[in-house]
Amino acid sequence: MDNEGTRQKLVVTGGAGYIGSVCTARLLEAGHEVTVVDDLSTGHRDAVPDDARFIEGDAAEVASTLLADGFDGVLHFAAKSLVGESMQDPSGYWHGNVLTSLRLLDAMRANGTPKLVFSSTAATYGEPKETPIAESAPAEPTNTYGATKLAIDHAITSYARAHGLAAVSLRYFNVAGAYGRYGERHTTETHLIPIVLQVATGDRAQVQIYGDDYPTPDGTAVRDYIHVVDLADAHLLALANAAAGEHTIYNLGNGTGFSVRQVIDACREVTGHEIPAVVAQRRAGDPAVLVASSERAQAELGWKPERADLTGIVADAWKFAQR
Ligand code: UDP
């Protein structure tokens, strides 16, 4: 097993995106050598940290030749990740997520790349039967996005068993916050915190609360918000702990839920803006409560969220939104 201090030569797919760019920055700070591959379909060239090498292109296509240079591992972030879009355009998600990942796995196998850290999602679980959600919970995704990520998880398990790949899937809950110049800026923004902050910056008149009749204390949906830097740091630990022939799955969240109203209140407190909010219809496919148990990551990776405070998460996102 490598220790965390060993310098590794890594490929980060999707390193021009929100989570991929923060993770690249943290990998570089830890002394690793990083090549980012991103087709810039949703990412931004200026989000790629300066010390990373950058190759513009499709992850699977680039990997088939790039990996021949000899890499220690791949962190695979590149994906389509909008639930609503995945229901309208399943083909784009099955091809863009599953097929690309299979081709990447084959390229890794052909070139003997030993390690993979994969961005999975809480959406693989679907409507939870128990809260908080542990990795042993049934995986029954309710949308195409979650189904494609689950299919990739299954593929990774079989490649690990059959070909000795050392693999870790990290199932993200609600990632938020920013890391200096690296933050969330999607052309089509669907995530709650950046949307609420757009009201505070004057880019949006009001926020819509998607449903206030959920079986939760204030009637609005509850989610587990995790700081993107805590999330990124779990990737470094996953890389250090990945074992040949094994595929391990870890949930990443803080284990505490906040309602939509609580998030809006935190944004009001941080920004000093009144942030008008109106109640709208529920969004299709939204479960009432999604909260992670990340006990496995804490016990096996030694991971511990250091930035769990919601106000702090929002404050970092707010600094980024004002740039
Ligand atoms: N949400 C909302 N208004 C918005 C965006 C999101 O009320 O403009 C709600 C959404 O229904 C969910 C929560 O905020 O209950 C978090 O949504 P987000 O899209 O950020 O993450 P998700 O949990 O869907 O991955």
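Remember, it's a predicted structure, so these values are computed and weren't measured experimentally.

Caption draft 1: Spatial organisation of helix 6 (residues 192-200). Judged by how many residues are buried, helix 6 sits mostly within the fold: eight of nine residues are covered. Downstream of helix 6 by a residue or two, Gly202 has a phi angle that is positive, lying close to 90°.

Caption draft 2: Here's a closer look at the side chain of Asp230. As for its position among the elements, Asp230 is in helix 7 (residues 228-241). The exposure class assigned to Asp230 is buried, which follows from its relative accessible area of 1%. Within the local environment of Asp230, its side chain forms a polar contact with the backbone nitrogen of Glu306, the two atoms lying 2.9 Å apart. In contact with Asp230, not counting residues within four places along its chain, are Trp303, Lys304, Pro305, Glu306, Arg307 and Ala308.

Caption draft 3: Inspection of the UniProt feature "domain: NAD-dependent epimerase/dehydratase" (unreviewed entry) in the protein at higher detail. Under the present numbering, the feature "domain: NAD-dependent epimerase/dehydratase" (unreviewed entry) in UniProt falls on residues 11-253. The span residues 11-253 is 37% helical and 20% strand by assignment, and the distance between its end C-alpha atoms comes to 25 Å.

Caption draft 4: Spatial organisation of the site of the ligand. The ligand sits among 14 residues. The nearest are Leu192, Gln208, Arg223, Arg283 and Asp286. Within the backbone of Leu192, a nitrogen or oxygen atom sits 2.8 Å from an oxygen atom of the ligand. The contact in question runs from a nitrogen atom of the ligand to an N or O atom on the backbone of Gln208, over 2.7 Å. Relative to its unbound accessible area of 510 Å², the ligand is 88% covered by the protein chains. Breaking the shell around the ligand down by element, the ones donating at least two residues are helix 6 and strand 8 (207-210). It is strand 8 that provides the largest number of residues to the shell around the ligand, a total of three residues. Partitioned by chemical class, the residues of the shell around the ligand number seven nonpolar, four polar and three charged.

Caption draft 5: Molecular detail of the sheet that holds strand 1 (residues 9-13). What the seven strands build is an open sheet, ordered 3-2-1-4-5-6-11; its pairing is parallel. Edge positions in the open sheet fall to strand 3 (53-56) and strand 11 (247-252), since each of these has one partner strand only. Here the average twist between neighbouring strands, direction ignored, is 20°. Looking at chain direction, strand 1 and strand 2 (residues 33-38) are connected through five bridges and run parallel. Its bridge partner lying in strand 2, Val12 is registered against Val36. Sitting on the sheet, helix 2 (residues 59-66) is in contact with strand 1, strand 2 and strand 3, with an inclination near 140° to strand 2.

Caption draft 6: View of the pattern of salt bridges. Counted under the stated rule, the structure contains 15 salt bridges. Residues Asp265 and Arg268 are paired through a salt bridge, measuring 3.0 Å at the closest nitrogen-oxygen approach. A residue pair is termed a helical-turn pair when its members lie 3 or 4 positions apart in one helix, as Asp265 and Arg268 do in helix 8 (residues 260-271) at three residues. Since its relative accessible area comes to 43%, Asp265 is described here as partly exposed. On the basis of relative accessibility, which here comes to 29%, the residue Arg268 falls in the partly exposed class. Taking the shortest distance from any N to any O, the salt bridge between Arg283 and Asp286 comes out at 3.1 Å. In the salt-bridge network here, residues are joined through shared partners; they are Arg26, Glu29 and Asp233.

Caption draft 7: Structural context of the packing of helix 1 (residues 18-29) against helix 7. Running from N to C, helix 1 and helix 7 cross one another at 60°; their axes reach a closest spacing of 9 Å. With respect to each other, helix 1 and helix 7 are oriented oblique. The way helix 1 lies across helix 7 gives a crossing that is right-handed. Counted together, Tyr18, Ile19, Val22, Cys23, Arg26 and Leu27 of helix 1 and Val228, Val229, Leu231, Ala232, Asp233, His235, Leu236 and Leu239 of helix 7 form the full contact between these two elements. For the contact of helix 1 with helix 7, the per-class residue count stands at 11 nonpolar, one polar and two charged.

What counts as what
Residues numbered from 1 in each chain as written. Predicted model: local features only at pLDDT ≥ 70, side-chain atom pairs only at ≥ 80, totals over all residues. Heavy atoms only, no water. Buried < 20%, exposed > 50% of the residue type's maximum accessible area, 1.4 Å probe, protein only. Helix = DSSP H or I, 4+ residues; strand = E, 2+ residues; numbered from the N terminus. Polar contact = N/O pair within 3.5 Å; in protein donor to acceptor, adjacent residues only side chain to side chain. Contact = heavy atoms within 4.5 Å. UniProt positions renumbered as here; feature names shortened; annotations may be inferred. Near = heavy atom within 4 Å. Areas by Shrake-Rupley, 256 points an atom, 1.4 Å probe, with all protein chains shown as cover. Nonpolar A, V, L, I, M, F, W, Y, C, P; charged D, E, K, R; others polar. Pairing = 2+ DSSP bridges. Axes fitted to C-alpha atoms, helices over the stretch in contact; angles between N-to-C directions. Salt bridge = Lys/Arg side-chain N within 4 Å of Asp/Glu carboxyl O. Parallel < 35°, antiparallel > 145°, perpendicular 65-115°, else oblique. Left-handed = near helix turned anticlockwise from the far one by under 90°.

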